[in-house]
Amino acid sequence: MKKFFSIFSIYATALQTLIALMALSVVLSGCGEDADQRNAPAPQKKTVVSQQQNLPSPPAQAAEAGWPPAADKQENILPADQWTMKNYVMIFDGSGSMGEQRCSGNTTKNAAAQEAVADWAQSVPADANLGLVVFDQKGFSTRLQLGQGERQAFVQQVQAVVAGQGTPLTQAVQTAYDLLTAQARKQLGYGEYHMVIVTDGAANQPERLTRTINAVLAHSPILISTIGFCIADTHSLNQPGRTIYKAADNPEALRQGLQDVLAESESFDDITEF
């Protein structure tokens with residue numbers, strides 16, 4: 001019996017030691033978690049996106065599609081501090097109907113649009129690139145390549161528009177897309193790319209325009225903003241949730257629509273990673 005109690009005592013002592021070690025392990029384990037938490041980096045705050053209703057998705061999503069596409073000849077890549085530049089290509093409709101006096105007070109729609117667009121150009125950030133595509137009585141052409149510090153040249157080209165001929169919007173959209181794509185290659189796809197259209201009429205080939213717009217939206221992060229001057233909301237360029245469309249029935253609404261383009265651009269700057 002004495003031997004039995006002796007063995008029992010040994011087992012009891014061993015059990016107490018094991019329990020004590022397990023308790024110590026739990027304590028040390030807890031201390032480790034606390035230490036890890038103290039040493040861990042601060043948790044990232046959620047991305048905050050300030051967007052107006054119907055604003056298309058941020059450019060980064062479309063950029064995942066692999067835009068800009070590779071070129072046969074590589075464009076000159078800009079220094080890294082210029083990769084995030086904003087780029088705006090204005091398409092100015094100088095078709096024959098812009099010579100009419102509707103929704104424009106005592107002047108023509110062309111004159112009202114010229115004044116509003118010239119003022120808008122002064123509001124475009126000085127460090128942004130600005131280009132101009134026009135179709136008017138003198139034909140279709142890129143009147144100003146994308147560049148900084150070209151505001152006065154931009155205004156002069158806008159003021160020189162003479163209303164006349166048709167509305168080749170599809171050709172204008174394709175040209176603006178090519179300008180922005182070439183610039184994107186220089187910026188390695190970083191930055192912002194805006195196509196801003198001021199028009200008072202339907203395209204010469206509306207179905208082709210729709211296909212072109214769909215292709216631009218599907219394969220690039222370019223934001224398309226249209227100011228429909230004295231036309232209905234049913235324009236081919238009005239695709240709720242995909243493009244930005246403002247209807248303007250007077251010069252003041254036209255000015256406001258243009259300013260909204262810049263305000264919506266700034267809303268993307270509110271995307272903040274903490």
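Residues numbered from 1 in each chain as written. Predicted model: local features only at pLDDT ≥ 70, side-chain atom pairs only at ≥ 80, totals over all residues. Heavy atoms only, no water.

Q: Requested: an account of the pattern of salt bridges, with residues and values cited.
A: Note on pairing: side chains with opposite charge can pair once their charged atoms come close. Taken as a whole and judged by the stated rule, the model has 7 salt bridges. Its salt-bridge partner being R255, residue E115 comes within 3.1 Å of it at the nearest N-O pair. Here the residue E115 occupies a position in helix α3 (residues 109-123), and R255 occupies one in helix α7 (residues 251-269), the gap between them amounting to 140 residues. Of the residues examined, R255 reaches a relative accessible area of 25% and is grouped as partly exposed. For the salt bridge of R255 with D119, the shortest nitrogen-to-oxygen distance reads 2.4 Å. You can see R255 sitting in helix α7 and its partner D119 sitting in helix α3, a full 136 residues away along the chain. Using a relative accessible area of 37% as the deciding quantity, one classes D119 as partly exposed. Sharing partners across several salt bridges, the network here consists of E100, R102, K109 and D200. (Salt bridge = Lys/Arg side-chain N within 4 Å of Asp/Glu carboxyl O. Helix = DSSP H or I, 4+ residues; strand = E, 2+ residues; numbered from the N terminus. Buried < 20%, exposed > 50% of the residue type's maximum accessible area, 1.4 Å probe, protein only.)

Q: Can you break down the packing of aromatic side chains residue by residue, with the values?
A: The tally for this structure, following the rule as stated, stands at 4 aromatic pairs. Relative to Y190, the ring of W83 has its centre 5.7 Å away and its plane inclined at 5 degrees; by these criteria the two rings are stacked. Taken as a pair, W83 in the loop between α2 (59-63) and β1 (86-93) and Y190 in the loop between α5 (169-186) and β4 (192-199) lie far apart in primary sequence, 107 residues in all. Residue class for Y190 comes out partly exposed when judged on its relative accessible area of 48%. (Phe/Tyr/Trp six-rings, centres within 6.5 Å; stacked < 30°, edge-to-face > 60°.)

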